[in-house]
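Summary of structural features
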Amino acid sequence: KQVMPSFQALDDGALLSILSYIEGETARLRIAALAVSAAPARAGGLTGRLVAAPSKSGLKIELEDVVRIPRLTYSTRDLGLATLRPHPAGDGRLFVSDQGGILYLIANGSAEVFLDLRDEVKDFNIGPGIATGLGSFDFHPDFLNNGLLYITHAEKFHGQPADYSVTDSARSEVQWVLSEWKVDLVNARTFKGSRRELLRLHAPTFGHGAQDLQFIPDLDKSDPDYGLLYWGYGDGGSNNIRRPELGHHLKSFLGTILRIDPRGNNSRNRHYGIPSDNPFASDSDPATIREIWAMGFRNPHRMAWDLRHGKRMMATDIGESNIEELNIIVKGGDYGWPNREGNFKIYTKEDLKTVYPIPAGDRDLYRGPFAVYDHTVGNAISGGFVYEGDIEELKGKYVFGDIVNGKLFYVNTGSALADSTVYELTIIRNGKETDLRQMSHETRLHLRIGYDRFSRQLYVITKVDGMIRRVVKAYP
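Here's a quick rundown of the structure.

Comments concerning the overall build of the chain
Broken down by element type, the chain carries four helices and 28 strands. Seen through its principal axes, the chain has C-alpha atoms that stretch 65 × 55 × 55 Å.

Side note on a nonpolar patch on the surface
Among the surface-exposed residues, Phe-7, Leu-10, Ile-18, Leu-19, Tyr-21 and Ile-22 lie close enough to one another that they form a single nonpolar patch of about 580 Å² accessible area. With respect to the secondary-structure elements, Ile-22 resides in helix H1 (residues 12-28). A relative accessible area of 45% places Ile-22 in the partly exposed class.

Some words on the sheet that holds strand E2 (residues 81-86)
Within a sheet, adjacent strands bond to each other through the backbone by hydrogen bonds, running parallel or antiparallel. Read across the sheet, four strands follow the order E2-E3-E4-E5 without closing on themselves; strand pairing throughout is antiparallel. Two strands lie at the open edges of the sheet, namely E2 and strand E5 (110-116), each paired on one side alone. In this sheet, neighbouring strand axes are inclined to one another by 25° on average, regardless of whether the strands run parallel or antiparallel. Of the pairings in the sheet, the one linking strand E4 (residues 102-107) to E5 comprises six bridges and is antiparallel in character. From the neighbouring strand, Ile-102 faces E5, where its bridge partner is Asp-116.

Quick notes on the sheet that holds strand E7 (residues 148-156)
One open sheet accounts for five strands, arranged E6-E7-E9-E10-E8; its pairing is mixed. Two strands lie at the open edges of the sheet, namely strand E6 (134-139) and strand E8 (164-165), each paired on one side alone. As paired strands, strand E9 (residues 174-183) and strand E10 (residues 193-202) are joined by nine bridges and run antiparallel to one another. The residue of E10 that forms the bridge with Val-183 is Gly-193.

Things to note about the packing of aromatic side chains
Using the criterion set out here, one finds 19 aromatic pairs in the structure. Ring geometry for Phe-137 and Phe-139: centres 6.0 Å apart, planes at 85°, overall edge-to-face. Assessed through its relative accessible area of 0%, Phe-137 is described here as buried. We classify Phe-139 as buried; its relative accessible area is 6%.

Let's talk about the nonpolar core
Ile-61 and Leu-394 are the most contacted members of the largest nonpolar core, which totals 43 residues. Among the elements that line this core, the one with the most residues is strand E23 (residues 408-412), at four residues. Ignoring sequence-local partners within four residues, the contact set of Leu-394 consists of Leu-59, Ile-61, Tyr-387, Leu-425, Val-471 and Ala-474. Counting residues in each nonpolar core, the second largest holds 30 residues, with Phe-215, Leu-229, Ile-260 and Phe-280 among its members.

Side note on the pattern of salt bridges
One pass over the structure, following the stated rule, counts 31 salt bridges. A salt bridge links Arg-429 to Asp-65, with the nearest nitrogen and oxygen atoms 3.4 Å apart. Here Arg-429, found in strand E24 (residues 423-429), pairs with Asp-65, found in strand E1 (residues 55-68); they are 364 residues apart in sequence, far enough to count as distant. Given the relative accessible area of 27%, Arg-429 is considered partly exposed. In this structure, Arg-85 engages Asp-138 in a salt bridge whose closest nitrogen and oxygen atoms are separated by 3.5 Å. Placement of the pair is Arg-85 in strand E2 and Asp-138 in strand E6, with a sequence separation of 53 residues. In this structure Arg-85 comes out as buried when scored by relative accessible area, which is 7%. Residue classification places Asp-138 among the buried positions, given a relative accessible area of 9%. Through salt bridges with shared partners, one network takes in Asp-223, Asp-225, Arg-259, Asp-277 and Lys-311.

Cut-offs and rules
All residue numbers here refer to positions counted from 1 along the written sequence of the relevant chain. Predicted model: local features are reported for residues with pLDDT of at least 70 only, side-chain atom pairs are reported and counted for 80 or more only, and whole-chain, interface and lining totals are derived from all residues. Side-chain numbers come from the whole structure's heavy atoms, not from hydrogens or water. In this text, helices come from DSSP runs of H or I with a minimum length of four residues, and strands from runs of E with a minimum of two, each type numbered from the N-terminal end. Residues enter patches when their relative accessible area tops 30% and they take part in no salt bridge; the joining distance is 9 Å for like charges and 5 Å for the nonpolar side chains Val, Leu, Ile, Met, Phe, Trp and Tyr. To measure how exposed things are, a 1.4 Å probe is used in the Shrake-Rupley method; for residues, cover is taken only from the protein chains shown. Salt bridge criterion: a side-chain nitrogen from Lys or Arg within 4 Å of a carboxyl oxygen from Asp or Glu. Note on exposure labels: buried denotes an accessible area under 20% of the residue type's maximum, exposed denotes more than 50%, and partly exposed covers the range between, all computed with a 1.4 Å probe on protein chains only. Any two strands with at least two DSSP-identified bridges between them are counted as paired. Structural elements are reduced to axes, namely lines fitted to C-alpha atoms, with helices fitted over the stretch in contact, and the angle between N-to-C directions of any two is expressed from 0 to 180 degrees. In summary, the pairing rule links any two rings of Phe, Tyr or Trp, Trp by its six-membered ring, whose centres are within 6.5 Å, and it sorts them by plane angle into stacked for under 30 degrees, edge-to-face for over 60 and tilted for everything else. Joining through side-chain atoms within 4.5 Å is the link that ties buried Ala, Val, Leu, Ile, Met, Phe, Trp, Tyr and Cys residues into a set, and such a set is a nonpolar core. Contacts were defined at the residue level, with two residues in contact if any of their heavy atoms lie within 4.5 Å.

In structure tokens:
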């Protein structure tokens, strides 16, 4: 019951060897072909373009190279740079994580290793697939005084007890861990300090695991949300192994955004706190996971906040086969997966890839997305940030992209959220229109977006070639 890893990293010779082996063993053991009986198709399934195509904005942006970080030799093409954060000192230094276990410090156009998790975590796990290794990280808002850094990582399972697990999860070989790292010197170029484990999750498969980890930035210490940590966790691949009952309820962490107080101690394991205003903090059922802030996600890839309009939380959700979503997250909201994908209905666990119109009486069962695009445009949404820098044409726009093909988009973030149109950006290089596929000489880019909230610089990361680029201009 494991999700098969991608074959993208294998060359034609390796693929031929695998097929030859299968053919040879089939003949040697006289294995008969499996009998496949497909369930009759339900009438009314939708295909082709399901939502309006992104509008051509006419807005062109120019990128400049910042630094290239070579791919780790033990890593596959699917794994690489994932999360970028500014140094809390706000002096232009950046941190970027590689799923292979490295946290880099970038200064003056060069990168050096700040922390190597392989040296610190005995059972650190990378692969198979693209959803393991070092997941995400963020600095405590008071980092310059307390030196606290939070990191998620995957570990190979060797019988370690978990704080939360799901039914039948003993078949899984991976656990996700959230840890607090105490940095002795906050301006050090390499890590020296200690680590404290906060939370360990035992999920059903390697797929759709720990995603973004973030504090709401730039809050005053008197704000009730100050120092509270949000953590997105996917459905764990439970729906791909036909086990939807493992998630989408309050007794499971799968497909949720969690909210905790890392400095508290009222959790089950007493290693962190559960804020009293969490939506299910007072639930009378002892099995309820009171850390849940919102639920009903397949793969809540990235979070961001539009602080111009209160503390508006935005999160992207990677779809199965049809729709990519940008959601406005509300406290206690249920966003519908695996019964919904975008503004469409999914009927059965046997067929997650076919969507249907939502019956009129069911439209208010779940919260719908704010903005969407379908798989005629891209294949997996990568979340972004609301730009507040000096480029006037981008100001106030939530900029994001597609992980696979590297297309860049934006949506407007007005106070009324009246415009949910997805607009496509065009990239200019040396005076000519281009795109990230041409710039990287690759077809599958694994795009990520980064933002330095101090300098208000927006970054575009393509982990397939290890490039970090900065948006420097925009042309109407």
